[in-house]
Amino acid sequence: MENTSLKAYNTFGINVAARWFSSFETREELEELLSSYSGGTIKIPSGPAGSGQKSETRPTKPGANPSLLILGGGSNLLLTKNFDGLVLKNGIKGIELIREDEKYVYVRAGAGESWHGFVQYCLQRNWAGVENLSLIPGSVGAAPMQNIGAYGVEIKEVFYELEAWDLQEGKVFAFSLNDCEFGYRESVFKKKYKDRFIILDVTFRLNKIPKFRTGYGAIRQELDKMGVHELSIQAISQAVIHIRSSKLPDPRQIGNAGSFFKNPTVAADRFEALKALFPDIPGYPSADIVPEYSSGAKNEEHPGTTTGKNSGFPMAGVKLAAGWLIEQCGWKGYRRGDAGCHALQALVLVNYGQASGKEIYDLSEEILQSVQAKFGVTLEREVNIVPPLGG
Ligand code: FAD
Ligand code: EPU
């Protein structure tokens, strides 16, 4: 289809058009679309696991295809203008138990499956590991893109492998956990191989014996409120759903793409300096390595404490709450035209109706500058800006 509005295909509800738009539900359909688009003879091996065609070596050349946009649920995108190329919506479905042993089940899901639908499928079968990731919008195929995470869990913990079509070398590669180079809201697909691979399916290794993760934030409190005495993955999922629904805007009502920025990590000594100036500043132990490496003795007695000298974050650093930094700069609840900063969660930028992608981007730039000016901390956007703006 030519000149198709993408408004219904992105959760920000930005009304831009795609030069060409199509969707695919199988590898064969994808192959046909890519072939006709490139005028070539693309042949995607049928799954599973690339049917023996997967290569052992990782591709080395960097590469991108800016005239092609693969779309899942459009829940982590800010579209800044009409897309002058081909937009392909991934609709590859199917969930399959491929093997199991005493401890684990290995489950493959098509990239076009809904993420929350997949979580529910697992909950119904008592397969544990994704319950804390309940209600995250979007597709299974986009989940590894930024190693989705919430309430103390990231998908890298249950990820086994994925298959992706390489637009550059024209074959299917299988990526193991190591190959994906997962980090906080990062993977090889978001950086080094940006716009190069189409993820076709993802295999997860889920636990038969659950390891309950209730340490993060308000989960325990919510479980108490719900009157839960015996923990289960279903109860944790419900608690997460309640918490999320209480503060994150529903994109069907107010356009948004979740957290607009990442939570930044700073070195322990930077955090101490900030704490001296802003005593209430929240900080959490972070596994992310900070550029400005800071040394210091680890506080074994109180690991993870956020106060005092050598407060337990010597190596990796301290994660700051971007929502708090933004709120302190006075943005929470701010609205200009139809672009705004959500009143219940300052980290979420919103479209009240007719905002353009550029207006939301400009607001994000002002927020970024003010956080930089007040705290000397540089925020990094989490949302994918398509096409990119700025320097
Ligand atoms: P899209 O927005 O369609 O795509 C995102 C990027 O991935 C684009 O660059 C796209 O080209 C690429 N892509 C998509 N599918 C494929 C594929 N098959 N192959 C190759 N590239 C692909 N995220 C979290 O991590 N944690 C949260 O708690 C969270 N909460 C959210 C809450 C709300 C209300 C909203 C709106 C978003 C939230 N998000 C969260 C962000 C978002 O839901 C996730 O990043 C999700 O994985 C995006 O999936 P999608 O299918 O919508 O991706
Ligand atoms: N905070 C404020 N004001 C705000 C918002 C947050 O002060 O307006 C402070 C509070 O101190 C609060 C802390 O920030 O305790 C953390 O807030 P919250 O628990 O809401 O989580 P978050 O750090 O804002 C992150 C993820 C979310 C994820 C939640 C739960 C990022 C960028 N965001 O948000 O992911 O759902 O934790 O794990 O890491 C997303 O990626 O799109 C997303 C929604």
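Before any of the text, the structure's been laid out above.
Residues numbered from 1 in each chain as written. Chains lettered and ligands numbered in written order. Predicted model: local features only at pLDDT ≥ 70, side-chain atom pairs only at ≥ 80, totals over all residues.

A. Summary view of the site of ligand 2. The local shell around ligand 2 holds 17 residues, among which Gly258, Ala321, Gly323, Trp324 and Ala346 are the closest. Here the shell around ligand 2 takes three residues from helix 7 (residues 322–328), the largest share from any one element. Each residue belonging to the shell around ligand 2 can be placed in one class, and the counts come to seven nonpolar, six polar and four charged. (Near = placed C-beta within 6 Å. Helix = DSSP H or I, 4+ residues; strand = E, 2+ residues; numbered from the N terminus. Nonpolar A, V, L, I, M, F, W, Y, C, P; charged D, E, K, R; others polar.)

B. The site of ligand 1, seen in detail. Near ligand 1 lie 33 residues; those nearest to it are Gly72, Gly73, Gly138, Gly141 and Gly258. Built from parts of two domains, the shell around ligand 1 gets at least three residues from each of domain 1 (2–90) and domain 2 (95–207). (Domains from an automatic or database assignment.)

C. Region of interest: the sheet that holds strand 10 (residues 159–166). Read from one edge of the open sheet, five strands run 6-7-12-10-11, paired in antiparallel fashion. Only two strands of the sheet have a single neighbouring strand rather than two, namely strand 6 (95–100) and strand 11 (171–176). Neighbour-to-neighbour, the strand axes of this sheet turn through a mean angle of 20 degrees, independent of strand direction. The sheet contact formed by strand 10 and strand 11 spans six bridges and is antiparallel. Each residue of the ladder has a partner; that of Leu162, found in strand 11, is Phe175. (Pairing = 2+ DSSP bridges. Axes fitted to C-alpha atoms, helices over the stretch in contact; angles between N-to-C directions.)

D. Structural context of the pairing of strand 6. Among the six residues that make up strand 6, zero are buried, leaving the element largely open to the surroundings. Counting the residues between successive antiparallel strands, the hairpin from strand 6 to strand 7 (residues 104–110) contains three residues. (Buried ≥ 20, exposed ≤ 12 C-beta atoms within 10 Å, placed from the backbone.)

E. Structural view of helix 2 (residues 115–124). Here helix 2 has its buried residues at Trp115, Phe118, Val119 and Cys122. Angular distribution of buried residues about the axis of helix 2 spans 100 degrees; they occupy a single face of the element. The inward-facing, buried residues of helix 2 contact strand 6, strand 7 and strand 12 (197–207). Positive backbone phi, approximately 60 degrees, marks Asn126, located one or two places after helix 2. (Arc of directions from axis to C-beta. Contact = placed C-beta atoms within 7 Å.)

F. Region of the structure containing the environment of Asp224. Structurally, the position occupied by Asp224 is in helix 4 (residues 219–225). Given 11 C-beta atoms within a 10 Å radius, Asp224 is considered exposed. A C-alpha to C-alpha distance of 9.5 Å links Asp224 and Ala239, two positions 15 residues apart in sequence.

G. Seen up close, the nonpolar core. Val87, Ala164 and Ile326 are the most contacted members of the largest nonpolar core, which has 103 residues in total. Look past the residues within four positions of Ala164 in its chain and what remains in contact with it is Val172, Phe173, Phe175, Phe197, Ile198, Ile199 and Leu200. (Core = buried A, V, L, I, M, F, W, Y, C linked by C-beta atoms within 7 Å.)

H. A look at the sheet that holds strand 2 (residues 17–24). Strand order across the open sheet formed by four strands is 1-2-5-3, with mixed pairing between neighbours. Here the strands that pair on one side only, and so sit at the sheet edges, are strand 1 (2–5) and strand 3 (68–71). Strand-to-strand, the axes of this sheet are offset by a mean angle of 45 degrees, without reference to chain direction. Strand direction decides the pairing type here: strand 2 and strand 5 (residues 83–90), joined by six bridges, are parallel. Within the sheet, the bridge partner assigned to Ser23 lies in strand 5 and is Lys89.

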